[in-house]
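# Observations on the three-dimensional arrangement
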Amino acid sequence: MNLLLKEIRHNPLLWLLAFVPVLFAGQTLKPGAHTLLFVLSVLAIVPLATLLSHATESVAAKTGDAVGGLLNATLGNLTELVIALAALRAGEYALVKASIAGAIVTNTLFMLGVSFLLGGLKHHVQEYNRVSARVQAALLFLATVALLIPSATSEADSVAGAAFTQTLSASLAVLLIIAYGLGMLFSLKTHRELFASAEHGEEGEAPWPIGLALATLAGVTVLVALVSEIFVESVQQAAVTFGMTPAFVGFVVVALVGGAAEMASAFSGARKNRLDLSVGIALGSASQIALFVAPVLVLLSYVIGPAPMNLQFWPGAVVMIFIATLTAALVTNSGRSAWFVGVLVLMVYAIFAMTLYLLPPRVQ
């Protein structure tokens, strides 16, 4: 605990933790002040993301970057899962699908691009394990195919009705979960030697004890989930105040804020020349959302939703996910990166964000 308090005292960014109780107090006293709650939630998530980043790096120092990246992606995706479950329970399936698609694209393009850019500005050329990146890209491609089929069949075949699409979606959800489980078995057990991190990371501060790191991960993850829930409740009204469209909010803003914790860890790892951790977090998080979170939500909709949810996304979302997957596969194929590679990836993301801001697609 003394190490944690010392870290808070010496890191001015962590002083923003004061906004966490202020946010909860504001939610209790003024639940209708959506713009204020939106600003407070963003200020509260930033220091929580920083703490989560430090704790994850400490765990990765003990377990290796592959397991550390997987752990960070899993904990970071708990936030998206909590947000999606709340929307699922309310029957807001359009918001659920927008958050899923937005999280996949944001993690694949924005998180990966900024990691390449920040790492490249400090280090001339960076190397990472391309086998791990190619496996994650292949898993993402599999998920893209699963998302494309329901949309393509319903658009091309008028005979394919709602019942067919729903049955197909449930079947695909089971297949994706099986594929994700086998992927974890492949990378963490049967062929784990292929996923070893390159030994070129900088020596940073001494890592926290594993007990403190795990306790911090658990506590901060809960707080991030609670803060994110307030954020989602307030963001739609605040978007009107700031002139943002609903499509832009769901696909870009919610995804960026929801993934703040993972991004902090990925960006920090890239600056310390631990690009294996950064790539593992970015692509691992995206593939986990596509192959695990989305299928689980489809299956849970039968239990907690007002009606079953399918995997039929609006065509624009499927196209963006496909292009994001193709971009990730192309830029990670060599296992080497420089700052301009990050710029190219970010440009693709900027094109998507600009399109959604100016001409939002119709969400089905």
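Residues numbered from 1 in each chain as written. Predicted model: local features only at pLDDT ≥ 70, side-chain atom pairs only at ≥ 80, totals over all residues. Heavy atoms only, no water.

Another point: the overall build of the protein chain. Looking only at helices and strands, one finds 13 helices and two strands in the protein chain. For the protein chain, the residues scored as buried account for 53% of the 364 residues in total. Partitioning the contacts of the protein chain with sequence separation of at least 6, the portion at a separation of at least 24 is 85%. About 15700 Å² of surface is accessible on the protein chain, with carbon and sulfur atoms providing 71% of the total. (Helix = DSSP H or I, 4+ residues; strand = E, 2+ residues; numbered from the N terminus. Buried < 20%, exposed > 50% of the residue type's maximum accessible area, 1.4 Å probe, protein only. Contact = heavy atoms within 4.5 Å. Areas by Shrake-Rupley, 256 points an atom, 1.4 Å probe, with all protein chains shown as cover.)

Turning to the side chain of Ser 337, a few remarks are in order. Looking at the secondary structure, you find Ser 337 in strand E2 (residues 336-337). By relative accessible area, Ser 337 is classed as buried at 3%. Residues in contact with Ser 337, not counting those within four places in the same chain, are Phe 116, His 124, Val 125, Gln 126, Tyr 128 and Leu 275.

With that settled, consider the packing of helix H5 (residues 93-122) against helix H9 (residues 246-258). Taken N-terminus to C-terminus, the directions of H5 and H9 make an angle of 60°; their axes are 8 Å apart at the nearest point. Taken together, the axes of H5 and H9 lie oblique to each other. The two elements H5 and H9 cross, and the hand of that crossing is right-handed. Taken together, the residues of H9 that come into contact with H5 (itself represented by Ala 98, Ser 99, Ala 101, Gly 102, Ala 103, Val 105, Thr 106 and Phe 110) are Gly 250, Phe 251, Ala 255 and Leu 256. (Axes fitted to C-alpha atoms, helices over the stretch in contact; angles between N-to-C directions. Parallel < 35°, antiparallel > 145°, perpendicular 65-115°, else oblique. Left-handed = near helix turned anticlockwise from the far one by under 90°.)

Moving on: unusual backbone geometry. Unusually for a residue other than glycine, Asn 273 sits at a positive phi of about 60°. Since its relative accessible area comes to 12%, Asn 273 is described here as buried.

This part covers H9. Of all 13 residues that make up H9, eleven are buried, and the element is covered over most of its length. Buried residues of H9: Ala 247, Phe 248, Val 249, Gly 250, Phe 251, Val 252, Val 253, Val 254, Ala 255, Val 257 and Gly 258, and no others.

Attention shifts here to the nonpolar core. Val 105, Phe 251 and Leu 297 are the most contacted members of the largest nonpolar core, which has 106 residues in total. Not counting the four nearest positions on each side in its chain, Leu 297 is found in contact with Leu 81, Ala 84, Leu 85, Leu 88, Val 96, Ile 100 and Met 309. (Core = buried A, V, L, I, M, F, W, Y, C linked by side-chain atoms within 4.5 Å.)

Take the packing of H9 against helix H13 (residues 339-358) next. Two elements in contact, H9 and H13, have axes separated by 8 Å at closest approach and are oriented at 135°. Compared by their axis directions, H9 and H13 come out oblique. Mapping the contact onto sequence places Phe 248, Phe 251, Val 252 and Leu 256 in H9 and Tyr 349, Ala 353, Leu 356 and Tyr 357 in H13. Across the contact of H9 with H13, the residue classes tally to eight nonpolar, no polar and no charged. (Nonpolar A, V, L, I, M, F, W, Y, C, P; charged D, E, K, R; others polar.)

A few words on empty space enclosed by the protein. Sizing a probe to match a water molecule and rolling it over the atoms shows the empty space that remains. Applying the stated criterion to the full structure yields three cavities of 30 Å³ or more. In this model, the second largest cavity occupies a volume close to 60 Å³. For the second largest cavity, the full set of lining residues is Glu 80, Ile 83, Ser 99, Gly 250, Val 254, Ala 255 and Gly 258. Secondary structure elements with two or more residues in the lining of the second largest cavity: helix H4 (65-89) and H9. Broken down by element, the residue count for the lining of the second largest cavity peaks at four residues, all from H9. (1 Å grid on protein atoms, 1.4 Å probe; cavity = no way out; pocket = protein on both sides within 12 Å on 5 of 7 lines; lining within 4 Å. Points joined across faces, edges and corners; volume = space filled by probe spheres on them.)

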